[in-house]
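Structural features, examined
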Amino acid sequence: MDATDPAADEVIEICRDLLRIDTTNTGDLDTSTGERVAAEYVAQKLAEVGFQPEIYESEPGRASVVARFEGEDPARDALLIHGHLDVVPADASEWSVDPFGGEIKDGYLWGRGAIDMKDFDAMVLALVRRMRREGRKPPRDVVLAFVADEEAGSTYGAQYLVDRHPGLFEGVTEAIGEVGGFSVSVGGDQRLYLIETAQKGIDWLRLHAKGRPGHGSMINDDNAVTALAEAVARVGTHRFPVVLTPTVRAFLEQVSQILGIELDLDDPEAAVGKIGPIAMIIGATLRNTANPTRLAAGYKDNVIPGRASATIDCRTLPGQSELFEEELRRIVGPDIELEYIHRQAALETTFDGALVEAMSAALRAEDPGAIAVPYMLSGGTDAKQFAKLGIRCFGFSPLRLPDDLNFGALFHGIDERVPVEGLQFGVRVLDRFLQQS
Ligand SMILES: [Zn+2]
């Protein structure tokens, strides 16, 4: 891309503008901010080049923008490109720059949301504006969605659109969004680009223990706090068995081959241990996990309460939800009651077909050392909502990263930043991808 290419400059300008709009999502309606301002900014950028964006507000200020980019062949199934506009909070005192200043230094654009995911929002906007200016259309209809509230469960963003305005996604069969398409150096001139084809499910469960309430000075062999504490400790120290899903197996097979690591499928953890920093990302996708996160019991120091409860954050592999629950019930025992407080299903699709080929080819065209591999995200994204409409979702927001950058640590991290060249690279890859999609 030459220096006069307007999209190369515009992606930086748009990303910077978006970073300067504080869209902190605290998870609380009263204190979350800025999504409406960001949505209006995005709508204006789209309207300037002839799109007809609509803003959808689920609650005052909780705004998302959707526009349709008509393709050469509108009869074909449509593609959804989605990004969220909100960010997690940033404590300015911990940062070396203003988290909402959009500063550029050392080749990076700094700010909360630089990686998660105003970078991708900006790439998409820069690309579609350029295509409009050049009179180009995508081969098929593309629905563009820039949404609120991803960082606190999607209720006021993607979930609202899917539940209340499903017609916006009419004809959409495939989607791309976060978290995938980023590079991981594996030595020499080769870089893995991790394409997200699966996500673990989210099960937040509350454990309830009941007992005999009474005075703290007496003998009590039916203490709810003791029963709960024992159950929580058993859950927290339990190691669920390794289950190799098709996605993780494909990832390990490919990476083992590239790195020349021997892969023992009976002990995949040994292989994961040898793959370097991405082990942090992959390790949690080998098994179901259950982490205790909250405890609640009692109201006075000398009173034994009749009930006690704890929350556990469980992440399940695709297809494992029922087996997981059985195992969990065995671990906590018959006297502890389980209550689901939040459930989102796991996702998994195959790493094949024309769209995957378009991703791989676009990456290779811009980085000859690119090797696209599928992977499973241990967390969740808005894809969980869009998948409810039967849409096949991928994490593909292409970004070439410097070899020494710890990408995983930047997510929700201090001094979040995106390489300026990475943004420009992303626009070029997306352009090629869209042409072939
Ligand atoms: Zn995100």
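Data block above holds the structure.
So, here's what we can say about the structure.

About the criteria used
Residues numbered from 1 in each chain as written. Predicted model: local features only at pLDDT ≥ 70, side-chain atom pairs only at ≥ 80, totals over all residues. Heavy atoms only, no water. Pairing = 2+ DSSP bridges. Helix = DSSP H or I, 4+ residues; strand = E, 2+ residues; numbered from the N terminus. Axes fitted to C-alpha atoms, helices over the stretch in contact; angles between N-to-C directions. Contact = heavy atoms within 4.5 Å. Phe/Tyr/Trp six-rings, centres within 6.5 Å; stacked < 30°, edge-to-face > 60°. Buried < 20%, exposed > 50% of the residue type's maximum accessible area, 1.4 Å probe, protein only. Lys NZ or Arg CZ within 6 Å of the ring centre and 35° of its normal.

A separate point is the sheet that holds strand β15 (residues 337–344). Strand order across the open sheet formed by 4 strands is β12-β14-β10-β15, with antiparallel pairing between neighbours. Either end of the sheet is taken by a strand with one partner, and the two such strands are β12 (289–297) and β15. Ignoring which end each strand starts from, the neighbouring axes of this sheet average 20 degrees apart. The pairing of strand β10 (residues 201–210) with strand β14 (residues 307–316) spans 10 bridges and is antiparallel. From the neighbouring strand, I202 faces β14, where its bridge partner is R315. The strands touched by helix α5 (residues 224–237) are β10, β12 and β14; relative to β14, the strand with the most contacts, the crossing angle is about 15 degrees. The strands touched by helix α9 (residues 321–332) are β10, β12, β14 and β15; relative to β15, the strand with the most contacts, the crossing angle is about 150 degrees.

The next thing to look at is the packing of aromatic side chains. Applying the stated criterion across every chain yields a total of 7 aromatic pairs. Where Y108 meets W110, the ring centres are 6.4 Å apart and the plane angle is 70 degrees; that geometry is what we call edge-to-face. Here Y108 and W110 have matching classes, each one buried. Directly above the aromatic system of Y108 lies the positively charged group of R417, at a separation of 5.2 Å from the ring centroid. Here the guanidinium or amino end of R417 rests over the ring plane of W110, the centre of that ring lying 4.9 Å away.

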